[in-house]
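What the coordinates show
What follows is the residue order along each chain.
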Amino acid sequence: EAGVAQSPRYKIIEKRQSVAFWCNPISGHATLYWYQQILGQGPKLLIQFQNNGVVDDSQLPKDRFSAERLKGVDSTLKIQPAKLEDSAVYLCASSLSGGINNEQFFGPGTRLTVL
Amino acid sequence: SQQGEEDPQALSIQEGENATMNCSYKTSINNLQWYRQNSGRGLVHLILIRSNEREKHSGRLRVTLDTSKKSSSLLITASRAADTASYFCATAKYSGGGADGLTFGKGTHLIIQP
């Protein structure tokens, strides 16, 4: 079974530029999550989708971050404009369905460096 | 904000020894999960323990949960070099409406010396 795919794997940009990350979840997984992991810390949830609807975006900095999952499959996360503190690994995860006791499967992540 | 707090932050042991990591959390939970992260395989789910369970085993892993103390422990027995990684506890609180994102701690970095 193919896992969660993410691209690009690495990205280096200058502050105030924009950047977009792409995620393809495991086939059939209705729930998709984006997490931000700053070096030395655990992942922090940014946004959760159930099919193509947003379930939780309470920790998403909406002034600069946006995400969409138009057809309920792939998702993109965008940062515009980027700040130095956005340097982190952005992880996408998916699960079969939302609800308690579900297992989330994580992609390899995109490492973003903002100079 | 971080929910879990792992202890110790770093742990170095000899191959074959047992490794114990602890996690404390602040609010009520539906379940607690442990994940492993290394550069080769990314973040991998290890085990999930529900709030009404006290102990769970999976291969060389043993997890305990004490909801009265809001704490959990992960024991890895007969450690191997391949166990070298960062270990995170993550809590899930199902708040209705489908929101069930995980809240992770800062992790314990485990090094197994050959």
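Residues numbered from 1 in each chain as written. Chains lettered and ligands numbered in written order. Predicted model: local features only at pLDDT ≥ 70, side-chain atom pairs only at ≥ 80, totals over all residues. Heavy atoms only, no water.

Focus: unusual backbone geometry
To keep things clear, this is the line we draw: Only runs of H or I of at least four residues qualify as helices and only runs of E of at least two qualify as strands under DSSP, and these elements are numbered from the N terminus.
Here the bond from glutamine 80 of chain A into proline 81 of chain A is cis, since omega is -5 degrees, no more than 30 degrees from zero. Relative to the elements of secondary structure, proline 81 of chain A occurs in the loop between strand E8 (75-79) and strand E9 (88-95). Geometrically, the link from aspartate 7 of chain B to proline 8 of chain B is a cis peptide bond, its omega value of 0 degrees lying close to zero. By the element assignment, proline 8 of chain B lies in the loop between strand E1 (5-7) and strand E2 (10-14).

Comments concerning the state of the cysteines
Residues and elements named next belong to chain A. For clarity, the cut-off: Defined by distance alone, a disulfide is two cysteine sulfur atoms within 2.5 Å. Think of it in three bands: with a 1.4 Å probe and only protein chains considered, a residue is buried below 20% of the maximum accessible area for its type, exposed above 50%, and partly exposed in between.
A complete count under the given rule lists 2 disulfides over all chains for this structure. Here cysteine 23 engages in a disulfide with cysteine 92; their sulfurs sit 1.9 Å apart. On the sign convention where negative is left-handed, the bridge of cysteine 23 and cysteine 92, at about -70 degrees about the S-S bond, is left-handed. Of the two residues, cysteine 23 is situated in strand E3 (residues 19-24) and cysteine 92 in strand E9; the sequence distance between them amounts to 69 residues. Just as cysteine 23 is buried, cysteine 92 falls in that class too.

Side note on the sheet that holds strand E6 (residues 55-58) of chain B
Residues and elements named next belong to chain B. Selection rule: Following DSSP output, two strands are said to pair if at least two bridges run between them. Between the N-to-C directions of two axes lies an angle of 0 to 180 degrees, each axis being a line fitted to C-alpha atoms and, for a helix, fitted only over the stretch in contact.
Pairing in this open sheet of 5 strands is antiparallel, and the strands run E1-E3-E8-E7-E6 from one edge to the other. Two strands close off the open sheet at either side, each with one partner strand: E1 and E6. Strand-to-strand twist of the sheet, defined as the mean angle between neighbouring strand axes without regard to direction, takes the value 15 degrees. In this structure, E6 lies alongside strand E7 (residues 61-66), joined through 4 bridges in antiparallel fashion. For serine 58, the partnering residue across the bridge sits in E7 and is leucine 61.

Thoughts on the sheet that holds strand E7 (residues 65-68) of chain A
Strand pairing in a sheet is mediated by backbone hydrogen bonds. Such pairs are either parallel or antiparallel. Residue and element names in this part refer to chain A. Spatially, 4 strands are ordered E1-E3-E8-E7 in an open sheet, and the strand pairing comes out antiparallel. Edge strands, defined here as strands with exactly one partner in the open sheet, are strand E1 (5-7) and E7. Direction aside, neighbouring strands of the sheet carry axes that sit 15 degrees apart on average.

Digging into the pattern of salt bridges
Condition: By definition, a salt bridge exists where a carboxyl oxygen of Asp or Glu is found within 4 Å of a side-chain nitrogen of Lys or Arg.
Within the structure shown, the criterion is met by 5 salt bridges over all chains. Between glutamate 53 of chain B and lysine 56 of chain B there is a salt bridge, and its shortest N-O distance comes to 4.0 Å.

A word on the confidence of the model for chain B
For the record, the criterion: pLDDT: the predictor's confidence for each residue, scored from 0 to 100.
Confidence in the prediction of chain B, expressed as mean pLDDT, is 91, and 95% of residues score 70 or more. Looking over chain B, one finds the lowest element-wise mean pLDDT in E1 of chain B, namely 81, and the highest in E7 of chain B, namely 98.

A short note on the interface of chain B and chain A
What counts here: By definition, residues are in contact when any of their heavy atoms lie within 4.5 Å. Polar contact criterion, stated in full: a pair of N or O atoms within 3.5 Å, where within protein one must be able to donate a hydrogen and the other to accept it, and residues adjacent in sequence count only if both atoms are side-chain atoms. Under the scheme applied here, ten amino acids are nonpolar (Ala, Val, Leu, Ile, Met, Phe, Trp, Tyr, Cys and Pro), four are charged (Asp, Glu, Lys and Arg), and all others, including Gly, are polar.
Chain B puts 22 residues into the contact, and the matching count from chain A is 21 residues. At the surface where chain B touches chain A, the tally comes to 0 salt bridges. The interface formed by chain B and chain A contains 6 residue pairs in polar contact (both at pLDDT 80 or more). Of all elements in the fold, only strand E4 (31-38) and strand E5 (42-50) of chain B reach the threshold of two or more residues within the side of chain B that touches chain A. Its residues assigned to classes, the side of chain B that touches chain A comprises 8 nonpolar, 11 polar and 3 charged.

Examining the pairing of E7 of chain A
Where E7 of chain A meets E8 of chain A, 4 bridges bridge the pair, whose relative direction is antiparallel. Within E8 of chain A, the residue paired with phenylalanine 65 of chain A across the bridge is isoleucine 79 of chain A.

Comments concerning the packing of aromatic side chains
Remark: the centre distance and the inter-plane angle together describe each pair of aromatic rings, the angle taken between the planes. Inclusion rule: Here a pair means two rings of Phe, Tyr or Trp (six-membered ring of Trp) with centres within 6.5 Å. Their orientation is stacked below 30 degrees between planes, edge-to-face above 60, and tilted elsewhere.
Taken as a whole and judged by the stated rule, the model has 9 aromatic pairs over all chains. Both rings, one in tyrosine 35 of chain A and one in phenylalanine 104 of chain B, keep their centres 5.8 Å apart while their planes meet at 90 degrees; by these two values the pair is edge-to-face. With tyrosine 35 of chain A in strand E4 (residues 31-37) and phenylalanine 104 of chain B in strand E10 (residues 103-104), this pair bridges two chains. Between the aromatic rings of tyrosine 35 of chain B and phenylalanine 104 of chain B, the centroid separation amounts to 5.5 Å while the plane-to-plane angle is 55 degrees, which identifies the pairing as tilted. With tyrosine 35 of chain B in strand E4 and phenylalanine 104 of chain B in strand E10, the pair connects residues that are 69 residues apart, well separated along the chain. The exposure class of tyrosine 35 of chain B is buried, given its relative accessible area of 0%. A connected cluster of aromatic rings, assembled from ring pairs, spans Tyr33, Tyr35 and Phe106 of chain A together with Tyr35, Phe88 and Phe104 of chain B.

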